Amino acid sequence: MIVLRNVRRGVWSDHDVSRHEQRGGLYRVLLPLFAVTALVLYFMGAGPGMMRGFAARAVMLLLGALGNRFLKISMHMMAAAFCGITIARLYPTAAFAIVPLVAALAWSRRKLERHTWAEVFVGLAMGTASALIAMI
């Protein structure tokens, strides 16, 4: 909803928020959204695993926002890696389906010229690291 509104208003050029200089606005939306969601889940009695997951994801987004000064890190790859690692940990046989899907997403981000390979791989590494830390 927020992305659609900002694209319609001309604040963001497209639904991927592909322009490097516009990325900061997306991070400024996502970080508070994750913080409020984590707070609501906490008061609803969410389990420690879910809270660690939200904390790891928030830290990942914060690092992405800080790194945005230097590199337009792929948020698609962050999310895909985080979700893929989490699902594969819960359902190990799902990794056979997840790995090709994440690889296809990485290829598409590059093919569409939304990111460089460095931006794709940094996003992948950040998502993977965040998921592994959340599972400790």
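The preceding data block contains the structure.
These numbers were taken from a predicted model, which means no experiment stands behind them. (Residues numbered from 1 in each chain as written. Predicted model: local features only at pLDDT ≥ 70, side-chain atom pairs only at ≥ 80, totals over all residues. Heavy atoms only, no water.)

One finds Met75 and Met78 to be the most contacted residues of the largest nonpolar core, which totals 15 residues. Every element with two or more residues in this core is listed here: helix 2 (23-43), helix 3 (48-67) and helix 4 (75-90). Ranked by the residues each element gives to this core, the list is headed by helix 2, at five residues. Among residues more than four places away in sequence, those in contact with Met78 are Tyr27, Arg57, Met60, Gly64, Ile73, Gly123, Met126 and Gly127. By size, the runner-up hydrophobic cluster in this structure holds six residues, among which are Ala80, Val102, Ala106 and Val120. (Core = buried A, V, L, I, M, F, W, Y, C linked by side-chain atoms within 4.5 Å. Buried < 20%, exposed > 50% of the residue type's maximum accessible area, 1.4 Å probe, protein only. Helix = DSSP H or I, 4+ residues; strand = E, 2+ residues; numbered from the N terminus. Contact = heavy atoms within 4.5 Å.)

With that settled, the discussion passes to the layout of surface pockets. Taken as a whole, the largest pocket encloses approximately 290 Å³ of empty space. Among the elements of the structure, helix 3, helix 4 and helix 6 (117-134) are those that each provide at least two residues to the lining of the largest pocket. The residue inventory of the lining of the largest pocket, partitioned by class, reads ten nonpolar, three polar and three charged. For the second largest pocket, the calculated volume is near 180 Å³. Around the second largest pocket sit 13 residues that line it, and Asp16, Leu26, Leu30, Met75 and His76 are the ones nearest its centre. Among the elements of the structure, helix 2, helix 3 and helix 4 are those that each provide at least two residues to the lining of the second largest pocket. Considering every element that reaches the lining of the second largest pocket, the biggest residue donor is helix 4, with four residues. (1 Å grid on protein atoms, 1.4 Å probe; cavity = no way out; pocket = protein on both sides within 12 Å on 5 of 7 lines; lining within 4 Å. Points joined across faces, edges and corners; volume = space filled by probe spheres on them. Nonpolar A, V, L, I, M, F, W, Y, C, P; charged D, E, K, R; others polar.)

So, on to the packing of helix 3 against helix 6. In the contact formed by helix 3 and helix 6, the axes pass within 8 Å of each other and the chain directions differ by 150°. With respect to their mutual orientation, helix 3 and helix 6 come out roughly antiparallel. With respect to the hand of their crossing, helix 3 and helix 6 are arranged in right-handed fashion. Where helix 3 approaches helix 6, its residues Arg52, Gly53, Ala56, Met60, Leu63 and Gly64 are matched on the opposing element by Met126, Gly127, Ser130 and Ala134. A per-class count over the contact of helix 3 with helix 6 returns five nonpolar, four polar and one charged. (Axes fitted to C-alpha atoms, helices over the stretch in contact; angles between N-to-C directions. Parallel < 35°, antiparallel > 145°, perpendicular 65-115°, else oblique. Left-handed = near helix turned anticlockwise from the far one by under 90°.)

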